[in-house]
Amino acid sequence: MSPTRRDFLRTAALASVAVALPGCAAGSRSDRGRAATAGDLVAPLPPRPAGSPETVARDEAYWSAVAAQYRITDRTTNLEAGYFGMMPAPVLAAYHRHIDRVNRESSFFARTEYGAFAREARERTAAALGVEAGEVAFSRNATEALQTLIGQYNRLRSSDVVMYADLDYPAMQQAMNARAARAGAEVVTLDLPEPGTRASVIEAYRAALDANPRTRLLLLTHTNNKTGLIHPVREVVELAEARGVDVIVDAAHSFGQVPLDLRELGAAWVGVNLHKWVGAPIGVGALYIRRDALAAIDRAHGDEGPLDRIDSRIHTGTLNFAALMTVPDALDFQEEIGVPYKAARLRYLRDAWVGPAREIPGVDILTPDEPGTVGALTSFRLNGDGSRDGNVELARVLREEFGLFTVYRSGPARGDCVRVTPSLYNAPRDGERLVQALAILAERGG
Ligand SMILES: Cc1ncc(COP(=O)(O)O)c(C=O)c1O
């Protein structure tokens with residue numbers, strides 16, 4: 001990151017009392033330091049302390065300064081960061097500034113200078129994912145990116161099988177069903193072990209692929225949204241490719257939550273969003289198609305663009321310009337902390353409640369503790385109750401009696417559960433409150 005950008009991050013929030021005056025925010029692309037609203041006054045982000053990610057993860061003074069960048073409501077304690085991520089104050093200020101500029105300069109800006117912002121957003125996103133800019137195209141969310149990849153995948157024949165697991169995301173499971181139906185192909189599903197280990201998950205995929213040699217397309221999630229398990233994508237892609245199976249990877253929950261290098265994953269087709277863990281405004285997702293894998297994805301319906309360019313694979317029409325312009329600001333903030341440090345802190349916050357909760361009789365934690373198999377998200381069941389109603393009620397009681405906001409999730413083969421997802425605005429004490437609540441509820445019988 002350039003010194004200018006770093007300085008911006010340190011000073012933008014304080015500078016943000018300079019309300020956008022007419023003409024103030026209309027400057028060049030380097031005017032990111034100008035502020036939009038008076039309400040974003042927070043102390044600047046201090047430099048990260050020295051030390052390994054695991055050591056820094058315990059430095060409450062540093063992380064409380066990071067948490068102060070998030071102006072989170074006090075109406076509840078939010079342990080449901082899995083839906084979408086908050087923008088920290090400097091990113092929100094930048095978004096306000098970009099909205100103001102787009103609105104004021106209108107199509108003159110959109111048709112002249114906006115292109116350079118869009119290119120920067122794409123280059124920065126690709127670099128953060130470890131791939132080339134020409135392999136990435138923006139969508140409005142991960143669903144749109146993955147539906148594009150699944151729906152336009154063109155290698156499926158009626159004699160083929162498509163496969164997905166119980167822990168994949170429902171909208172993508174349905175997109176796989178629809179794609180199979182269009183080709184007259186068969187759908188096979190597998191149930192992943194719970195709580196899986198790296199080895200047992202790999203083994204489950206190996207067994208399913210071996211039992212279904214006609215499999216042509218596999219949907220594979222990196223971090224699943226139901227239990228929080230991080231699936232061993234690189235190993236499963238290797239298994240699949242050795243059997244001639246193509247793999248579409250759903251990394252919606254991984255980008256910004258855990259270190260993610262798409263080249264290392266070895267996947268050819270991936271969907272992500274930037275409004276969960278990267279902290280960009282809502283409405284930014286992206287698809288990745290490896291340069292040599294473009295031919296397997298048809299052009300978007302009605303798109304006559306160049307076959308050798310990813311842009312012809314998705315046709316969104318007008319996007320939220322200001323949201324895309326904010327992507328580099330969000331990546332700046334994330335890089336200022338450092339993804340490995342962010343991931344270690346999230347894992348620390350997760351472990352802070354999971355460790356003690358494991359000791360409470362009646363609490364079943366659905367993810368393992370093995371390094372690399374979990375990030376911030378972890379789900380649990382109480383007293384063996386996997387019913388929908390029971391878990392909806394449990395989340396309600398946590399919210400209304402204990403002031404802890406979580407969410408129930410359905411879909412794991414072994415039953416529904418409650419998901420807990422801390423973020424950088426949480427502290428270990430939030431996890432301690434959850435553990436106290438679980439101890440009371442377990443004894444009460446739910
Ligand atoms: C695993 C997974 N895939 C895809 C999505 C969809 O993401 P988006 O809401 O950006 O479309 C989600 C959202 O929660 C998810 O958890």
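For the structure itself, look to the data block above.
Cut-offs and rules
Note that residues are indexed from 1 along each chain, following the sequence as it is written. Totals for whole chains, interfaces and linings use every residue, but because this is a predicted model, local features are given only for residues with pLDDT of at least 70 and side-chain atom pairs only at 80 or more, for both listing and counting. Pairing between strands is defined by DSSP: at least two bridges between the two strands are required. We count a stretch as a helix when DSSP gives it H or I for four or more residues in a row; a strand needs E for two or more, and each element gets its number in order from the N terminus. Place the viewer so that the strands point away; then a crossover is right-handed whenever the path from the first strand over the helix to the second strand goes clockwise. Each residue gets a C-beta atom placed from its backbone. Should that atom fall within 6 Å of a molecule or strand, the residue is termed near it. In this classification, Asp, Glu, Lys and Arg are treated as charged, Ala, Val, Leu, Ile, Met, Phe, Trp, Tyr, Cys and Pro as nonpolar, and every other residue, Gly included, as polar. Angles here are taken between N-to-C directions and fall from 0 to 180 degrees, while the axes themselves are lines fitted to C-alpha atoms, restricted in helices to the stretch in contact. Here, residue contact means that the backbone-derived C-beta atoms of the two residues sit within 7 Å. The nonpolar core is taken to be a set of buried Ala, Val, Leu, Ile, Met, Phe, Trp, Tyr and Cys residues joined by way of C-beta atoms within 7 Å. Neighbour density around each residue's C-beta defines its exposure: 20 or more other C-beta atoms within 10 Å make it buried, 12 or fewer make it exposed, and counts between make it partly exposed, where C-beta atoms are placed from the backbone. Angles below 35 degrees are treated as roughly parallel, those above 145 as roughly antiparallel, those between 65 and 115 as roughly perpendicular, and all remaining angles as oblique. Whether a crossing is left-handed or right-handed is set by the direction in which the near helix is turned from the far one by less than a right angle, anticlockwise for left-handed and clockwise for right-handed.

### Digging into the pairing of strand 4 (residues 186–190)
- Where strand 3 (residues 161–165) lies against strand 4, 5 bridges are found, and the strand directions are parallel. Considered in strand 4, the bridge of valine 161 is made with glutamate 186.
- The parallel pair strand 3 and strand 4 is bridged by helix 7 (residues 170–183), and the resulting crossover is right-handed.

### As for the site of the ligand
- Around the ligand, a shell composed of Asn141, Ala142, Thr143, Tyr169, Thr221, Asn224, Asn225, Asp250, Ala252, His253, Asn273 and Gly285 is seen.
- For the shell around the ligand, a count of residues per class yields 3 nonpolar, 8 polar and 1 charged.

### Some details on the sheet that holds strand 13 (residues 417–420)
- Strand order across the open sheet formed by 4 strands is 9-10-13-12, with antiparallel pairing between neighbours. The two strands at the open ends of the sheet, each matched to only one other strand, are strand 9 (363–365) and strand 12 (407–409). Looking at each pair of strands side by side, their axes are set apart by 40 degrees on average, direction ignored.
- As judged from the 3 bridges shared by strand 9 and strand 10 (residues 378–382), these two strands associate in the antiparallel manner. Bridging from a neighbouring strand, valine 363 pairs with leucine 382 of strand 10.
- The strands touched by helix 13 (residues 339–358) are strand 9, strand 10 and strand 13; relative to strand 9, the strand with the most contacts, the crossing angle is about 135 degrees.

### Let's talk about the nonpolar core
- The biggest cluster of nonpolar side chains holds 128 residues, and the ones touching the most others in it are Val249 and Ala267.
- Here this core takes 10 residues from helix 13, the largest share from any one element.
- If we ignore the near neighbours within four places in the chain, the residues touching valine 249 are Leu220, His222, Val233, Leu265, Ala267, Trp269 and Val270.

### Section: the sheet that holds strand 4
- Strand order in this open sheet of 7 strands is 2-8-7-6-5-3-4, and the pairing throughout is mixed. Looking at which strands have only one partner, the edges of the open sheet turn out to be strand 2 (136–139) and strand 4. Geometrically, the sheet is characterised by an average inter-axis angle of 20 degrees between neighbouring strands, direction not taken into account.

### Describing the environment of lysine 226
- Tracing the backbone shows lysine 226 in the loop between strand 5 (215–221) and helix 9 (233–242).
- Through-space distance from the C-alpha of lysine 226 to that of tyrosine 169 is 8.0 Å; in sequence the pair is 57 residues apart.
- In this structure lysine 226 touches Leu167, Ser379, Arg409, Gly411 and Pro412, once residues within four positions along its chain are discounted.

### What about the pairing of strand 3?
- Of all 5 residues making up strand 3, 5 are buried, and the element is well covered by its neighbours.
- Taken together, the 3 bridges between strand 3 and strand 5 define a ladder with parallel strand orientation. The partner of valine 162 across the bridge, within strand 5, is leucine 217.

### A closer look at the packing of helix 13 against helix 15 (residues 428–444)
- It is the contact of helix 13 with helix 15, at a shortest axis distance of 8 Å, that shows an interaxial angle of 25 degrees. Of the possible angle classes, the one that applies to helix 13 and helix 15 is roughly parallel. With respect to the hand of their crossing, helix 13 and helix 15 are arranged in right-handed fashion. Contacts between helix 13 and helix 15 involve Leu349, Ala352, Trp353, Pro356 and Ala357 on the former and, on the latter, Pro428, Gly431, Leu434, Val435 and Leu438.
- Its residues assigned to classes, the contact of helix 13 with helix 15 comprises 9 nonpolar, 1 polar and no charged.

### Things to note about the packing of helix 4 (residues 89–112) against helix 12 (residues 327–337)
- Remark: helix 4 packs on helix 12, axes separated minimally by 9 Å, with the N-to-C direction vectors making an angle of 170 degrees. As the angle between them shows, helix 4 and helix 12 are arranged roughly antiparallel. With respect to the hand of their crossing, helix 4 and helix 12 are arranged in right-handed fashion. Only Asp329, Ala330 and Phe333 of helix 12 make contact with helix 4, whose side of the interface consists of Pro90, Val91 and Ala94.
- Residue classes in the contact of helix 4 with helix 12 are distributed as 5 nonpolar, no polar and 1 charged.

### What about unusual backbone geometry?
- Across the junction of glutamate 194 and proline 195, the peptide omega takes the value -5 degrees, indicating a cis bond.
- Summarising the element assignment, proline 195 is placed in the loop between strand 4 and helix 8 (198–211).
- One non-glycine residue with positive phi stands out, namely serine 106, at about 55 degrees.
- Relative to the helices and strands, serine 106 resides in helix 4.
- Judged by C-beta crowding, with 10 C-beta atoms within 10 Å, serine 106 ranks as exposed.
- Of note in the backbone geometry, asparagine 383 takes a positive phi value of approximately 50 degrees without being a glycine.

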